[in-house]
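The lines below spell out each chain.
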Amino acid sequence: MSEKYESSPSPSEVGFSLVSRRTLLAGAAAIGGAAVLAACGDDDSSSSGDTAGATETTAAAGGGGDLGEVTYGSNYSDPKDSAAIAAAVEATGLNVKINTVDHNSYQENFNTYIQQPDDVVSWFAGYRMRAFAGKGVVGDISDVWAKLTDMSEGFKNASTALDGKQYFVPFYFYPWAVHYRKSLFEEKGYEIPATWDDLLALAEKMKGDGIIPFAAANDGGWPQMGMFDMINMRTNGYDFHVSLMGGKESWTDDKVKKVFSNWSSLLDYYQPDVNGRTWQDAATALGKKEVGMYLLGTFVTSNFDPATDPEAQGIIDDIDFFAFPEIDPAYKQDAVEAPIDGFMMAKTPKNEAGAKALLEAFGGAATIDAYIGVNPAVVAANSAAKTDGYNALQKKSAELVGAAKYISQFLDRDTDPDFAAKVVGKALQDFLADPTTIDTVLATVEEQKQTYTFE
Amino acid sequence: MGPIDQAEAAPHTGRRRRFSQLSRNDKLVLSVMVGVPAFLHIVLVWIPAILTGVLSFMEWDNVTPISSAEFVGFRNYWQIFTIFDNQLFPALFNNLVLIVWLFLCSAIGIGLAYLLDKNLKGTRFYQSTYYFPVVLSVAVVGFIWKSVMFGRETGLLNLVWPGPPIDFVGDQTKIFEINFPFLDFPLGLSKNFAALLLAMAWRHIGYIMVLYLAGLKSFDPSLREAASIDGCSEWQTFRRVVFPGLKPINVVVAVITVIEALRAYDIVAALSEPRGTEVMGTLVTNSLMGEGGGRVGIGSAYGMVLFLLCVGFIIWYVVNNFREAKE
């Protein structure tokens, strides 16, 4: 399920339901309102109970009885998500047995699970899919892709492994962008920055007005990965970013150093003490208008809970975002970071025809429409999906990603998760603690990178 | 065995037979009582430990079948000691700091126990107050400290603190640094780990206190009386009579302290393991668990380093115990 912050490589985020549960308590039930992509906030608390056993549900067999039963391993364990995915499955009309596992456990145990999986399994696009495709433990579904008509090129790329074949069907996504308060920008007469210079000028202006320009969190070691991704893609382009993530470029390259020198000029405008702050605390600062801008996934709104805080709805409605400004005109704003969730097929499914039929259906508009009908917190990958029910942020998310030439997945989804967490994540913490050490830090990353084989 | 053996054996069958005081039933009970735990111990502790040792010489991604694992000799060890030295050595250093720190806490716990044993007014209140954190799981302790005490904007400590806010969780700058010739970076106690030590002390002191209090309650009061009649001061009584008299408890306290220090994991994990707070426990689990857990060899190598540390301590403990038994 939506696992923006669970996507954090750190076990503290992934494994410790306590920590996440609190995030939940803090931001609980924000889904109720117009909160976009809020579902992430609450799934921990409500689903930690079903960790132990997979629950089985069989969706009504419709007209697809000929294909027999297909098994589907689902990590949509939150009640709202599981209801939504059940609706999506029902819309396929196939005879599907859903095995639901708590999403934290699902991710934790995926290495083992994928060795004896269900016919169709939930997973993430990009490197995380390619890693398993490369090991030959998931099935080639290029023939399914031949029948998927309403998927953009970006989604196809995100579903393609190194051998040029497709192994993944995207379902929905949630973009990362710079969030701000519309009312604050109006009141102070701030303009949306289009370029890096505009951004720095705006930050300087905010500083003059007594507002901290950038909310900054890095607790868990993952939130600032988003900033690295954005600055790198704007400075060096998407191709370099992917190549760097794939272990093919040197981290001591001047191009990488340029990223950090750009980043350093932004650090003057950061909230102090980045490493210890949770993304929720930074979001709260945005809510109080103590900070001007906040680069985060659109799930930022889930920090505000209309059920417990009467002002929350007003804040949620007041939050808007803009794409990260252009740094090098050669790359404009052509890349956007938008983690995609979707499905893969087992290497040798018991019911291959059924599995492919189910994947094809998941790639169609009807299933995601059914899903969003129950849980309107995500943006459909399928371009033919209904968008009239979207709220303002959902619509804008769809536009942002639709207009993008390249879609990145997030640092810990675009490279070896272990490398992301233990090497890059630690390096970013070191850099943020003391930016002057960047040369040593990058040399260490490059040295440690050599011990990884990548795809 | 001479006389008794013969005397007993004679009326039996007349055959020479080693006498056993154990009936068949006793033997059965004994073999079950010794055998089952021994079996479980070997299967659940030693076999996995040995397999971990084997895995630490291999490279395996935990996804493809185990048969695809490759033997790589000492490469994993070489990597953690040279390439990941900026993670291994700070973790070892932190574990070392923890041992020293928890021994200090144990001393405080013992002191508190000794005071509470005096039946001060409100002893029970103090007792339950100190003991309270022990009832909580370490993960909960970590969670409480992270959210209630340490928060930069809203944490209790920062509300009380008059100066500029302190980032207890994320500040990895070092309080003191020691340079080692074999490392190109200094080791030292980082501020966030120091904060974490506070949280651990909060729990450990109460734990040791209760343990020691139980020992003190069983201590023969006549010995203490004798000491005071002989003119011992309070400190002398404790130092010369009570403390040595509670040797078995002292050993338990020492063992528990070292174990707690070496196995520290959950509280660090609950504080989301920022740089500066790494301990061996987090290095091991991070390499083995979760999606990133594709480095079984490296994780096992970290595990073996920790294992050898523990074994070192166990050997010291056993040798010490045997020496005393002889005396």
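Residues numbered from 1 in each chain as written. Chains lettered and ligands numbered in written order. Predicted model: local features only at pLDDT ≥ 70, side-chain atom pairs only at ≥ 80, totals over all residues. Heavy atoms only, no water.

## Some points on unusual backbone geometry
All names here are of chain A.
Next up, step 1: Backbone geometry at Lys-289 places phi at a positive 60 degrees, although glycine is not the residue there.
Next up, step 2: Of note, Lys-289 is situated in the loop between α14 (279-287) and β8 (291-297).
Next up, step 3: Lys-289 sits in the partly exposed class, given a relative accessible area of 26%. (Helix = DSSP H or I, 4+ residues; strand = E, 2+ residues; numbered from the N terminus. Buried < 20%, exposed > 50% of the residue type's maximum accessible area, 1.4 Å probe, protein only.)

## Considerations on helix α7 (residues 127-134) of chain A
Residue and element names in this part refer to chain A.
Next up, step 1: Most of α7 is tucked away: 7 of the 8 residues are buried.
Next up, step 2: Among all positions in α7, only Tyr-127, Arg-128, Met-129, Arg-130, Ala-131, Phe-132 and Ala-133 are buried.
Next up, step 3: Just past α7, the residue Gly-136 takes up positive phi, approximately 70 degrees.

## So, helix α6 (residues 138-149) of chain B
Next up, step 1: Burial in α6 of chain B covers these residues: Val-138, Ala-139, Val-141, Gly-142, Trp-145, Lys-146 and Met-149 of chain B. Taken around the axis of α6 of chain B, the buried residues stretch over an arc of 165 degrees, which confines them to a single face. (Arc of directions from axis to C-beta.)

## Remarks on the side chain of His-179 of chain A
All names here are of chain A.
Next up, step 1: Relative to the helices and strands, His-179 is located in strand β6 (residues 176-181).
Next up, step 2: Judged by relative accessible area, which is 0%, His-179 ranks as buried.
Next up, step 3: Only 3.4 Å separates the side chain of His-179 from the backbone oxygen of Leu-296, close enough to count as a polar contact.
Next up, step 4: For His-179, the contacting residues outside a window of four places in its chain are Leu-286, Gly-292, Met-293, Tyr-294, Leu-296, Gly-297, Thr-298, Val-300, Ile-319, Asp-320 and Phe-321. (Polar contact = N/O pair within 3.5 Å; in protein donor to acceptor, adjacent residues only side chain to side chain. Contact = heavy atoms within 4.5 Å.)

## Some thoughts on the packing of aromatic side chains
Any pair of aromatic rings gets described here by the distance separating the centres and the angle formed by the planes.
Next up, step 1: For the coordinates displayed, the defined rule picks out 54 aromatic pairs over all chains.
Next up, step 2: With a centroid separation of 5.7 Å and 70 degrees between ring planes, the pair formed by Phe-171 of chain A and Phe-362 of chain A is classed as edge-to-face. Here Phe-171 of chain A is found in strand β5 (residues 169-173), whereas its partner Phe-362 of chain A is found in helix α16 (residues 352-362), with 191 residues between them in sequence.
Next up, step 3: On the accessibility criterion, Phe-362 of chain A (1% relative accessible area) is buried.
Next up, step 4: Ring centres of Phe-343 of chain A and Phe-362 of chain A lie 3.9 Å apart, and the angle between their planes is 10 degrees; on these two criteria the pair is classed as stacked. Highlighted residues: Phe-343 of chain A in strand β11 (residues 340-345) and Phe-362 of chain A in helix α16, separated in sequence by 19 residues.
Next up, step 5: Among the aromatic residues, those joined into a ring-pair cluster are Phe-228, Trp-251, Phe-260, Trp-263, Phe-419, Phe-431, Tyr-452 and Phe-454 of chain A.
Next up, step 6: The ring of Tyr-452 of chain A carries the charged tip of Arg-295 of chain B above its face, separated from the ring centre by 3.7 Å. (Phe/Tyr/Trp six-rings, centres within 6.5 Å; stacked < 30°, edge-to-face > 60°. Lys NZ or Arg CZ within 6 Å of the ring centre and 35° of its normal.)

## Brief notes about the interface of chain B and chain A
Next up, step 1: The partner chain A presents 38 residues to the 40 residues of chain B that form the contact.
Next up, step 2: With both sides pooled, the region where chain B packs onto chain A buries about 3600 Å², and carbon together with sulfur makes up 51% of that total.
Next up, step 3: With a shortest N-O distance of 2.6 Å, Lys-146 of chain B and Asp-219 of chain A are connected by a salt bridge.
Next up, step 4: If you look at where chain B meets chain A, you find 13 residue pairs in polar contact (both at pLDDT 80 or more).
Next up, step 5: Breaking the side of chain B that touches chain A down by element, the ones donating at least two residues are α3 (75-83), α4 (85-116), α6, α12 (266-270) and α13 (280-288) of chain B.
Next up, step 6: Ranked by residue count, the leading element in the side of chain B that touches chain A is α6 of chain B, at 5 residues.
Next up, step 7: Among the residues forming the side of chain B that touches chain A, the class breakdown is 14 nonpolar, 16 polar and 10 charged. (Buried area = accessible area lost by both parts, 1.4 Å probe. Salt bridge = Lys/Arg side-chain N within 4 Å of Asp/Glu carboxyl O. Nonpolar A, V, L, I, M, F, W, Y, C, P; charged D, E, K, R; others polar.)

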